[in-house]
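Tertiary structure, described
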Amino acid sequence: MIRFARSSSRNLFHRVLNRKFQYCSDSSMAVQCGRRRKDQSSGFFWPTCRFESTEAARHVDQLYLHNHDDQELDFPGGSVPFTKEMRFMSESTEKRVPCYRVLHENGDAITPPNFNQLTKDVAIKMYKDMITLQIMDNIFYEAQRQGRISFYLTSSGEEAIAIASAAALLPDDVVLAQYREPGVLLWRGFTLQEFANQLFGNKGDYGKGRQMPIHYGSNHHNYFTISSPLGTQLPQAVGIAYSLKMDKKEACVVAYFGDGTTSEGDFHAALNFAAVLRAPVIFICRNNGWAISTSIEEQFRSDGVVVKGQGYGIRSIRIDGNDTLAVYSAVRKARSMAIRENMPVLIEALTYRVGHHSTSDDSSKYRTTDEIQYWKMERNPMDRFAKWISNNGWFSQEDELNHKTTVKRQLLEAIQNAEKTEKPPLSELFNDVYDNLPKNLQEQEEVLRQTRKRYPQDYPSDVPL
Amino acid sequence: MASVLRRSQTVLNSLCRRQFSASPDGNLTTHAGKSMNLYSAINQALHIALETDPRAYVFGEDVGFGGVFRCTTGLADRYGKDRVFNTPLCEQGIVGFGIGLAAMGNRAIAEIQFADYIYPAFDQIVNEAAKFRYRSGNQFNCGGLTIRAPYGAVGHGGHYHSQSPEAFFCHVPGIKVVIPRSPYQAKGLLLSCIRDENPVVFFEPKWLYRLAVEEVPEDDFMLPLSQADVIREGSDITLVGWGAQLSVMEQACIDAEKEGISCELIDLRTLLPWDKETVEASVRKTGRLLISHEAPVTGGFGAEISASIVERCFLRQGEQNINVLHVVRPFSSLHNPIHILLLCLCID
């Protein structure tokens, strides 16, 4: 069973690489390729070799090394060598872009860490925050199931990306998250009570109860308020980064998004703007394999996301998103490059969404439980980091138990408080649309108040006037 | 593009044979300043915005060399290429970038080359700029964002260089929509928009860029937003419009006067949030209302004015004497002479 699960999950990413052949209808290409075999688990045919044309034209450098003539085309942007050979650049590289990792599954460091070694205190805080995030997810998820909050969305399986990237940043770095990165806020000190206030939409919610649960935001923590549309935060991140650059700040912007978002126009706009305007922004893609029910095979034909960076002139890296140390070191390095060299960096972190997309989703409808189990059990980011920390003798099982008990108690208290705290008053329905309430909204508020007087029984009892 | 437009203005001039100033008396308004056209007034406003605020930026497609309509002439030379710069050709990128820049306390003045091409940025404007302050509980805002876009018919622009998309944006709480009618108005209103603490979409009547000339003070001045301007007083009928259409309506008022009809002409100036009170007071006086815009009638902003004024001036009074007319100007390049027909319609 485990073997099968492993191969199935491997296919999740392997299929991306080979997917282009699944739809291949060109018989000449098939003949060139010769051998084909059937992939048992996917049911698709995919070849074990590459097309000849692809073989020949794999690397631009090799391609044009010997075949250009002496003359060059003087073209805007730099001169271009001529070649007498008609060759098309390949649609892909022969091998997939490798994935940087530091920790072996057993918690041993395989790569000699080429970054400033994590201090014990930081490492412990990272692990404790990952545990907190997990407990938050469990308890808030249950709260939604009990009907106490309307919606929730977990970070399960992706704890390492949020926490480790946040740990690699400094407080002045500005964060524009998508919606599966509450771990960044947690790392920055957003309290469990603050999380609960947002989820319950009470008076303590900085968003004044206006948005759905999980749309956190905190000016104090340099964390812009989440918005639901995918990718809209990305060009905004470039504008913010440009401002930091102009102000000569020792800080960058970090923008998070998922694999699905890379299909949005805003993603491409942002990468291009960032490269052209030389904005210090780190784009972190959590490639977790699924955008609700849309697999990455249905999302893009490229080798994932990392390869898109070069097309825009952006330095890029693919990392193991479930390796806490790899995420930490890559983001630290990216931060330093972004700020020192005034440039964007793209990080594609391979991970897996172990939970459903949200409380409104049932992912068993579109993916196998074996695949989920494999990622949950064998590639669990927290288990791996726990082993490393434990090997270092920094965090005992007893410490873990104590922390869990404390967090659970604090969370239950936070939920009780959040439930008891009153809702924002009616006036907050109209405030903040503009800096000041214009006449048309004053008029509308007045109409609403008069309507409430006429139909008091239809007005929600928990919203103060 | 600019050269093509110049040709169109010649055509229009020959059709209309008059100066377009949209001033109360049909003559050049005197504001004790320098005589200039609309694009120069915009240019002057941008100079002042950049001069008076070191955190102001101007960016968009082709703005670096002065812009296809020359509105950004000389800005990059004077204030540097870090503050006045070209962007890639991507409207959603321009507005998204502008939101981020504004969110850091800057004055982000974005140019969309033609209003016809603003639609890729619709999501950034509607879902992001307009809701930025509200959704964050006023923790964040992008109030420093102003989006400039030339709009409207020029006579030969066809479907993609002539649209008047203001109604789409007037449906969005959280942004302001402003359209000037003349050089003086353009300068004063644009400076107000740039310095307003809310994101603003500022549509510039490109028909009037070179055609409209009036005296414009060279100093730094601002005109109030959300305040309509009664540019001609009358007693028989109220005419409401904005932007380039006021030139047409002005001519209609003059012609109607010859037939003994006294017209009150109102420039709405800010469409969102709009000044109902001024229009209401006028309609109470005249008892009749004519709204004219270039955009399509169905779902146009005229419908909003009409519905509001009917409700305020007629339904509430129990009166039956409703007399509201919508007039629009089409934007087919083949049908330019219809502008003239519309003058007749206004007079009817």
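Read on for a plain summary of the structure. (Residues numbered from 1 in each chain as written. Chains lettered and ligands numbered in written order. Predicted model: local features only at pLDDT ≥ 70, side-chain atom pairs only at ≥ 80, totals over all residues. Heavy atoms only, no water.)

A word on the interface of chain B and chain A
If you look at the interface, chain B gives 47 residues, while chain A gives 43 residues. Summed over both partners, the interface of chain B with chain A comes to about 3,700 Å²; 60% of that surface belongs to carbon and sulfur atoms. At the surface where chain B touches chain A, the tally comes to four salt bridges. Between chain B and chain A we count 21 residue pairs in polar contact (both at pLDDT 80 or more) in total. Among the elements of the structure, strand S3 (84-86), helix H4 (91-103), helix H5 (122-129), helix H6 (132-135) and helix H10 (276-286) of chain B are those that each provide at least two residues to the side of chain B that touches chain A. With nine residues, the top contributor of residues to the side of chain B that touches chain A is H4 of chain B. Split into classes, the residues belonging to the side of chain B that touches chain A amount to 19 nonpolar, 15 polar and 13 charged. (Contact = heavy atoms within 4.5 Å. Buried area = accessible area lost by both parts, 1.4 Å probe. Salt bridge = Lys/Arg side-chain N within 4 Å of Asp/Glu carboxyl O. Polar contact = N/O pair within 3.5 Å; in protein donor to acceptor, adjacent residues only side chain to side chain. Helix = DSSP H or I, 4+ residues; strand = E, 2+ residues; numbered from the N terminus. Nonpolar A, V, L, I, M, F, W, Y, C, P; charged D, E, K, R; others polar.)

Digging into the packing of aromatic side chains
Per the stated rule, a full pass over the model turns up 33 aromatic pairs over all chains. Judged by centre distance (6.2 Å) and plane angle (65°), the rings of Phe190 of chain A and Tyr216 of chain A are edge-to-face. Highlighted residues: Phe190 of chain A in the loop between helix H7 (182-187) and helix H8 (192-200) and Tyr216 of chain A in the loop between H8 and helix H9 (233-246), separated in sequence by 26 residues. Take Phe190 of chain A and Tyr216 of chain A: they sit in the same class, and that class is buried. Between Trp242 of chain B and Phe301 of chain B, the ring centres sit 5.8 Å apart and the planes meet at 75°, which makes this aromatic pair edge-to-face. Of this pair, Trp242 of chain B sits in the loop between strand S10 (237-241) and helix H9 (245-258) while Phe301 of chain B sits in helix H11 (residues 301-315), placing them 59 residues apart in sequence. As far as burial versus exposure is concerned, Trp242 of chain B and Phe301 of chain B are alike and both buried. Members of the aromatic cluster, connected to one another through ring pairs, are Tyr242 and Phe273 of chain A together with Tyr57, Phe59, Phe85 and Phe97 of chain B. Above the ring of Trp187 of chain A, the side-chain terminus of Lys125 of chain A is found at 4.4 Å from the ring centroid. Stacked on the ring of Tyr459 of chain A, the Lys or Arg Arg452 of chain A has its end atom at 5.6 Å from the ring centre. (Phe/Tyr/Trp six-rings, centres within 6.5 Å; stacked < 30°, edge-to-face > 60°. Buried < 20%, exposed > 50% of the residue type's maximum accessible area, 1.4 Å probe, protein only. Lys NZ or Arg CZ within 6 Å of the ring centre and 35° of its normal.)

Section: a nonpolar patch on the surface
Residue and element names in this part refer to chain A. A cluster of nonpolar side chains, namely Leu73, Phe75, Val80 and Phe82, defines an oily patch on the protein surface of about 330 Å² accessible area. Relative to the helices and strands, Phe75 is located in the loop between strand S3 (68-73) and strand S4 (80-83). Exposure remark for Phe75: the relative accessible area of 49% places this residue in the partly exposed category. (Patch = residues over 30% accessible without salt bridge, like charges linked within 9 Å, V, L, I, M, F, W, Y side chains within 5 Å. Areas by Shrake-Rupley, 256 points an atom, 1.4 Å probe, with all protein chains shown as cover.)

With respect to the environment of Arg384 of chain A
All names here are of chain A. Tracing the backbone through its elements, the reader meets Arg384 in helix H15 (residues 381-391). By relative accessible area, Arg384 is classed as buried at 1%. Sequence spacing of Arg384 and Asp108 is 276 residues, and the spatial spacing of their C-alpha atoms is 8.7 Å. Setting aside its immediate chain neighbours within four residues, Arg384 contacts Arg101, Leu103, His104, Glu105, Gly107, Asp320, Asn322, Asp323 and Arg379. A distance of 3.1 Å separates the side chain of Arg384 from the side chain of Asp320, its partner in a polar contact.

Topic: the pattern of salt bridges
When charged atoms on two side chains of opposite charge get close, those side chains can pair. Under the defined criterion, the tally for this structure stands at 47 salt bridges over all chains. Its salt-bridge partner being Arg210 of chain A, residue Glu428 of chain A comes within 2.9 Å of it at the nearest N-O pair. With Glu428 of chain A in the loop between helix H16 (397-420) and helix H17 (439-454) and Arg210 of chain A in the loop between H8 and H9, this pair connects stretches of sequence that are 218 residues apart. With relative accessibility at 16%, the residue Glu428 of chain A sits in the buried group. The shortest N-O distance in the salt bridge between Glu257 of chain B and Arg232 of chain B comes to 2.7 Å. Taken together, the residues span a long stretch of sequence, with Glu257 of chain B in helix H9 and Arg232 of chain B in strand S9 (residues 229-232) at a distance of 25 residues.

Considerations on the sheet that holds S3 of chain B
Residues and elements named next belong to chain B. Spatially, S3-S2-S4-S5-S7-S6-S12 is the arrangement adopted by the seven strands of the open sheet, whose pairing is mixed. Looking at which strands have only one partner, the edges of the open sheet turn out to be S3 and strand S12 (270-272). Ignoring which end each strand starts from, the neighbouring axes of this sheet average 20° apart. The pairing of strand S2 (residues 56-60) with strand S4 (residues 107-111) spans five bridges and is parallel. Following the sheet pairing, Gly60 is matched in S4 by Glu111. Relative to strand S7 (residues 200-205), helix H8 (residues 183-195) is tilted by about 160°, and along the sheet it contacts S4, strand S5 (145-151), strand S6 (176-178) and S7. (Pairing = 2+ DSSP bridges. Axes fitted to C-alpha atoms, helices over the stretch in contact; angles between N-to-C directions.)

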